[in-house]
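# Descriptive structure summary
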Amino acid sequence: MHIGLVGLGKMGGNMRTRMRNAGLTVVGYDRDPDVSDVGSLAELVEQLPSPKVVWVMVPHGEPTHSTIAELNELLSEGDVVVDGGNSRWTDDELHAEMLGEKKIGFVDCGVSGGVWGLENGYALMAGGDAADIAKVQPAFDALRPDAENGFVHAGKTGAGHFSKMVHNGIEYAMMQAYAEGYELLEKVDMVDNVAEVLNSWRVGTVVRSWLLDLLVKALEDDPGLSQIRGYAEDSGEGRWTVEAAIENAVPAPTIAASLFARFVSRQDESPAMQAVAAMRQQFGGHAVRATQESPDVPPA
């Protein structure tokens, strides 16, 4: 199979290597000429045989939209565009409609695996017509972890990215639970080796997972996590999951709480907790700390 790949960053570059290792011919394009195989999208398209398949791995939103709009001008009937970034499923419907006017196929594909995907393979969740999926299948087979698992045709257009969105929402909640457990273990005096406690959970327990493996590795690399500030961004998919839950009247309190916890991490001083402290002082005379006072020093 010949395939074009747009975006050769942390994931895209590894995906190019994994597909090439599986015997696929991959033409990669990136704005960074040091990693790009060609000088432009037009040159990439010219080097592909028909029907052409172009996989897009760029940031969601305007970068993805502008890339697909340019491909719409360069591709022809029967070709296929795959959006493998973290686009919102509502964008998929717009892109499929735009490409469909020229009878260009569109596949949305949620991709999970991060920087470890080159070695371990990627979990792939695809949405779109079966005929378009079939044109991309050799790439799916090259990228997924093995021949039996790791790929699903989730449904119609948007289903792939919607599935990946829910996956990431669950990921938020799992990470938050591990993080809170870690903090509690660190807080008490009776536990001498927190990292080894977490390590012991990795085999035989019901809470074992790859995320736990990665937390243990992080603690091995940086005991106490002293080199990392407690600030966590959100890529957008946690918000979209909560919004979708609201729209569909699905209770998702755990995922919602994990999203809000990330917002808390970005506040050096929480206005909400300032208000809580003020109310406690007002109704109960409870002591409060001055703004310049160290949180480790008991109030006078």
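Provided above is the structure to which this section pertains.
Residues numbered from 1 in each chain as written. Predicted model: local features only at pLDDT ≥ 70, side-chain atom pairs only at ≥ 80, totals over all residues. Heavy atoms only, no water.

## Re the overall build of the protein chain
Formally: Counting from the N terminus, the helices are DSSP H or I runs at least four residues long and the strands are E runs at least two residues long. Under the scheme applied here, a residue whose accessible area is under 20% of the maximum for its type counts as buried, over 50% as exposed, and between as partly exposed, the area being computed with a 1.4 Å probe on protein chains only. Pairs of residues are marked as contacts when any of their non-hydrogen atoms sit within 4.5 Å. Values of accessible area rely on a 1.4 Å probe in the Shrake-Rupley scheme; residue burial ignores everything except the protein chains shown.
In terms of regular secondary structure, the protein chain is built from 12 helices and 7 strands. Residue burial in the protein chain is summarised as follows: out of 300 residues, 39% are buried. Excluding contacts between residues fewer than 6 apart, the proportion of contacts in the protein chain whose partners are at least 24 apart in sequence is 63%. Within the structure as shown, the protein chain displays about 16,500 Å² of accessible surface, and the carbon and sulfur contribution to it stands at 55%.

## Regarding the pairing of strand E5 (residues 105-112)
Formally: Orient the strands so they point away from the viewer, and a crossover whose first-strand-to-second-strand path over the helix runs clockwise is right-handed.
A large share of E5 lies buried, amounting to 8 of its 8 residues. With burial as the criterion, each face of E5 is covered, one bearing Gly105, Val107, Cys109 and Val111 and the other bearing Phe106, Asp108, Gly110 and Ser112. With respect to chirality, the unit in which strand E4 (residues 80-83) leads through helix H4 (residues 89-100) into the neighbouring parallel E5 is right-handed.

## What about the packing of helix H7 (residues 159-187) against helix H10 (residues 237-247)?
Under the convention used in this document: Lines fitted to the C-alpha atoms define the axes, with helices restricted to the stretch that makes contact. Angles between their N-to-C directions range from 0 to 180 degrees. Angles below 35 degrees are treated as roughly parallel, those above 145 as roughly antiparallel, those between 65 and 115 as roughly perpendicular, and all remaining angles as oblique.
Between H7 and H10, the shortest axis-to-axis distance is 8 Å and the interhelical angle comes to 105 degrees. Compared by their axis directions, H7 and H10 come out roughly perpendicular. Within the contact between the two elements, H7 uses Phe162, Lys164, Met165, Val166, Asn168, Gly169 and Tyr172 and H10 uses Glu237, Gly238, Trp240, Thr241 and Ala244.

## A word on the sheet that holds strand E2 (residues 25-29)
Two orientations exist for strands paired in a sheet by backbone hydrogen bonds: parallel and antiparallel. The line we're drawing: Pairing between two strands is assigned when DSSP locates at least 2 bridges connecting them.
With mixed pairing, 7 strands are arranged side by side in an open sheet as E2-E1-E3-E4-E5-E6-E7. Of all strands in the sheet, those bounded by a partner on one side alone are E2 and strand E7 (151-155). For this sheet, the mean inter-axis angle between neighbouring strands, taken without regard to orientation, is 25 degrees. Note: strand E1 (residues 2-6) against strand E3 (residues 53-56), 3 bridges, orientation parallel. Its bridge partner being in E3, Gly4 is matched across the sheet by Val54.

## A word on a nonpolar patch on the surface
Threshold: Excluding any residue in a salt bridge, patches collect residues exceeding 30% relative accessible area, merging like charges within 9 Å and nonpolar Val, Leu, Ile, Met, Phe, Trp and Tyr side chains within 5 Å. When a carboxyl oxygen of Asp or Glu lies within 4 Å of a side-chain nitrogen of Lys or Arg, that pair is called a salt bridge.
On the surface, Met273, Val276, Met279 and Phe283 cluster together into a nonpolar patch covering about 440 Å² of accessible area. Take Met279: it is sitting in helix H12 (residues 271-284). Look at Met279 and you get partly exposed, because its relative accessible area is 48%.

## Digging into H7
The line we're drawing: Expected span, for any helix, means 1.5 Å times one less than how many residues it has.
Under the 1.5 Å per step criterion, the end-to-end length of H7 is 42 Å for 29 residues, consistent within 8% with the ideal 42 Å. Buried within H7 are the following residues: Ala159, Gly160, His161, Lys164, Met165, Asn168, Gly169, Tyr172, Ala173, Tyr178, Tyr182 and Leu185.

## Re the side chain of Ser258
Considering the arrangement of structural elements, one finds Ser258 in helix H11 (residues 253-264). Note on Ser258: relative accessible area 1%, which makes it buried. When neighbours within four sequence positions are excluded, Ser258 is seen to be in contact with Tyr172, Ala173 and Gln176.

## What to know about the nonpolar core
Defined as follows: Nine residue types can take part in a nonpolar core, namely buried Ala, Val, Leu, Ile, Met, Phe, Trp, Tyr and Cys, and a core is a set of them joined through side-chain atoms within 4.5 Å.
Residues Met19, Trp55, Val136 and Phe140 are the most contacted members of the largest nonpolar core, which totals 25 residues. Those elements giving two or more residues to this core turn out to be E1, helix H1 (12-21), E3, E4, E5, strand E6 (123-127) and helix H6 (130-143). The leading source of residues in this core is H6, at 6 residues. Contact partners of Met19, with chain neighbours within four places excluded, come to Ile3, Leu5, Leu24, Val26, Ala139, Ala142 and Leu143. Val45, Val58, Ile68 and Leu75 belong to the second-largest nonpolar core, a separate cluster that totals 19 residues.

## Observations regarding H4
Put simply, the test is: In this description, one arc is meant: the one made by directions from the helix axis to the C-beta atoms.
Here H4 contains 12 residues, and its C-alpha end-to-end distance of 16 Å stays within 8% of the 16 Å for a straight helix at 1.5 Å per residue. Within H4, the full set of buried residues consists of Trp89, Asp92, His95, Met98 and Leu99. Buried residues along H4 cover an arc of 160 degrees about the axis, so they all sit on one side. Set apart from the buried face of H4 by more than 90 degrees, the exposed residues are Leu94 and Glu97.

## As for the pattern of salt bridges
In the structure shown here, the tally under the stated rule is 11 salt bridges. Here Lys217 and Asp221 are joined by a salt bridge, their closest N and O atoms 3.0 Å apart. Taken together, the residues Lys217 and Asp221, both in helix H9 (residues 210-221) and 4 residues apart, mark about one turn of the helix. Classification of Lys217 by relative accessible area gives partly exposed; the value is 37%. For Arg229, the salt bridge goes to Asp268, with nearest N and O atoms at 3.3 Å. Of the two residues, Arg229 sits in the loop between H9 and H10 while Asp268 sits in the loop between H11 and H12, which places them 39 residues apart along the sequence. The burial state of Arg229 is the same as that of Asp268; both residues are exposed.

## Let's talk about the side chain of Arg88
Along the chain, Arg88 turns up in the loop between E4 and H4. Overall, the relative accessible area of 19% leaves Arg88 in the buried class. Contact partners of Arg88, with chain neighbours within four places excluded, come to Trp240, Glu243 and Glu247.

Any functional reading would require information beyond the geometric quantities listed.
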